[in-house]
Amino acid sequence: MSMRFSGKVVVVTGAGAGIGRATAMAFAAEGLKVVVADLDVSGGEGTVELIRAAGGTSVFVPCNVTLEAQVRQLMAQTISTYGRLDYAFNNAGIEIEHGRLADGTQDEFDAIMGVNVKGVWLCMKYQLPLLLAQGGGAIVNTASVAGLGAAPKMSIYSASKHAVIGLTKSAAIEYAKKGIRVNAVCPAVIDTDMFRRAYEADPKKAEYAAAIHPVGRIGKVEEVASAVLYLCSDDAAFTTGHALAVDGGALAI
Ligand code: NAD
């Protein structure tokens, strides 16, 4: 266990699976107390079990990030359980492939924007006052390479992730002099349930997914987790308002 996060507390949303679970576990392995938040109770409890089995400290708080009362409660429970908040990884997100722009439905638009944009906004809305009161901290939001460029057949998702970067950069500027840094990670295709739902059914798509990354493979959840921990750590003390691609070189093409 390193000392870079000694005594610190982090909230991770969407921590019941995939990138969120791996990042929650990576934080716990570095000695942080981890608040695992997810609307999936068995996934969230499963992450806490894994953390505790590895000797870490963690609690599960059920939370649908689209509901203000639940987000407010998540932050209140963080303070009542661990007494402070130092970092947040606002990662809960959904992806729906809906064909070309005109084929998307209003329900799909509302669902994607609700989780990916409103969810991140609500989380920051209730985290920032806590970080301010404490005199500093860091937030990382999960965007996507689809937030930095186009994502054919996923235009609503792409718009939602562009919005996450907009929220990230604006908050970074607003709180820069208050000791609070706000950054985003922008993964390309990462091996999670989300990936499997979208790609694995069609072997051609899976092959394509590997090929769009110059390194020749899709990413691992631990590779996103490392980037999130770096952005929270003091190693990134001069980095704020940044959207960091974790993409195997995909955007360099
Ligand atoms: P995943 O589907 O494996 O896990 C997402 C988790 O978020 C699940 O546990 C789910 O229950 C939870 N969740 C969904 N809606 C929620 C809500 N309203 N409130 C609380 N929790 C909710 O997905 P993942 O691949 O780990 O994705 C995590 C994040 O990374 C998302 O924001 C996603 O858009 C982004 N991302 C993923 C990839 C990829 O290839 N997997 C690429 C780029 C960005």
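You'll find the structure just up there.
First, a word on what this report is: a plain description of the structure on this page. Since the model is a prediction, treat every value here as computed from it, not as a measurement.

Definitions and limits used
Residues numbered from 1 in each chain as written. Predicted model: local features only at pLDDT ≥ 70, side-chain atom pairs only at ≥ 80, totals over all residues. Heavy atoms only, no water. 1 Å grid on protein atoms, 1.4 Å probe; cavity = no way out; pocket = protein on both sides within 12 Å on 5 of 7 lines; lining within 4 Å. Points joined across faces, edges and corners; volume = space filled by probe spheres on them. Helix = DSSP H or I, 4+ residues; strand = E, 2+ residues; numbered from the N terminus. Polar contact = N/O pair within 3.5 Å; in protein donor to acceptor, adjacent residues only side chain to side chain. Contact = heavy atoms within 4.5 Å. Near = heavy atom within 4 Å. Areas by Shrake-Rupley, 256 points an atom, 1.4 Å probe, with all protein chains shown as cover. Nonpolar A, V, L, I, M, F, W, Y, C, P; charged D, E, K, R; others polar. Phe/Tyr/Trp six-rings, centres within 6.5 Å; stacked < 30°, edge-to-face > 60°. Buried < 20%, exposed > 50% of the residue type's maximum accessible area, 1.4 Å probe, protein only. Expected span 1.5 Å × (residues − 1). Pairing = 2+ DSSP bridges. Axes fitted to C-alpha atoms, helices over the stretch in contact; angles between N-to-C directions.

**Some thoughts on the layout of surface pockets**
And step 1. Within this model, the second largest pocket holds a volume of roughly 160 Å³.
And step 2. What lines the second largest pocket is a set of 13 residues, and nearest its centre among them are Lys8, Tyr87, Gly136, Gly137 and Asp234.

**Remarks on the side chain of Ser144**
And step 1. Residue placement: Ser144 occurs in the loop between strand E5 (137–142) and helix H5 (155–175).
And step 2. Within polar-contact distance, the side chain of Ser144 engages the backbone nitrogen of Ala146 at 2.8 Å.
And step 3. Contact partners of Ser144, with chain neighbours within four places excluded, come to Tyr157, Lys161, Val185, Cys186 and Pro187.

**Side note on the site of the ligand**
And step 1. Around the ligand, a shell composed of 29 residues is seen, among which Asp38, Asn91, Tyr157, Ile190 and Thr192 lie nearest.
And step 2. With respect to the ligand, the backbone of Asn91 contributes an N or O atom lying 2.8 Å from an oxygen atom.
And step 3. Contact distances for the ligand include 2.5 Å between an oxygen atom and a side-chain N or O atom of Thr192.
And step 4. For the ligand, the accessible surface in isolation is 830 Å², of which the surrounding protein chains cover 93%.
And step 5. Only helix H1 (18–29), H5 and helix H6 (193–200) provide two or more residues apiece to the shell around the ligand.
And step 6. Here the shell around the ligand gets three residues from one element, more than from any other, and that element is H6.
And step 7. Of the residues in the shell around the ligand, the class split is 15 nonpolar, nine polar and five charged.

**Things to note about the packing of aromatic side chains**
And step 1. In total, this model carries two aromatic pairs according to the counting rule given.
And step 2. Plain terms: the ring middles of Phe5 and Phe27 are 5.9 Å apart, the flat faces sit at 70° to each other, and that makes the pair edge-to-face. A residue pair is termed long-range when its members are at least 10 positions apart, and Phe5 in the segment before strand E1 (9–13) and Phe27 in helix H1 qualify at 22 residues. One exposure class covers both Phe5 and Phe27, and it is buried.

**Quick word on H5**
And step 1. Counted at 1.5 Å a residue, the expected span for H5 with its 21 residues is 30 Å, and the 30 Å between its end C-alpha atoms agrees.
And step 2. Against the buried residues of H5 lie helix H4 (106–134), E5, strand E6 (180–187), H6 and strand E7 (243–246).

**Details of the sheet that holds E5**
And step 1. Strand order in the open sheet made by the seven strands is E3-E2-E1-E4-E5-E6-E7, with parallel pairing throughout. Two strands lie at the open edges of the sheet, namely strand E3 (57–62) and E7, each paired on one side alone. Strand-to-strand twist in this sheet, taken as the mean axis angle between neighbours without regard to direction, amounts to 20°.
And step 2. As judged from the five bridges shared by E1 and strand E2 (residues 33–38), these two strands associate in the parallel manner. The residue bridging Val10 from the neighbouring strand is Val34, located in E2.
And step 3. Against the sheet, helix H3 (residues 68–82) engages E1, E2 and E3, with an angle of about 155° to E3.
And step 4. Across the sheet, H5 touches E5, E6 and E7, and the angle it forms with E6 is around 160°.

Spatial relationships are all this shows, so hold off on functional conclusions.
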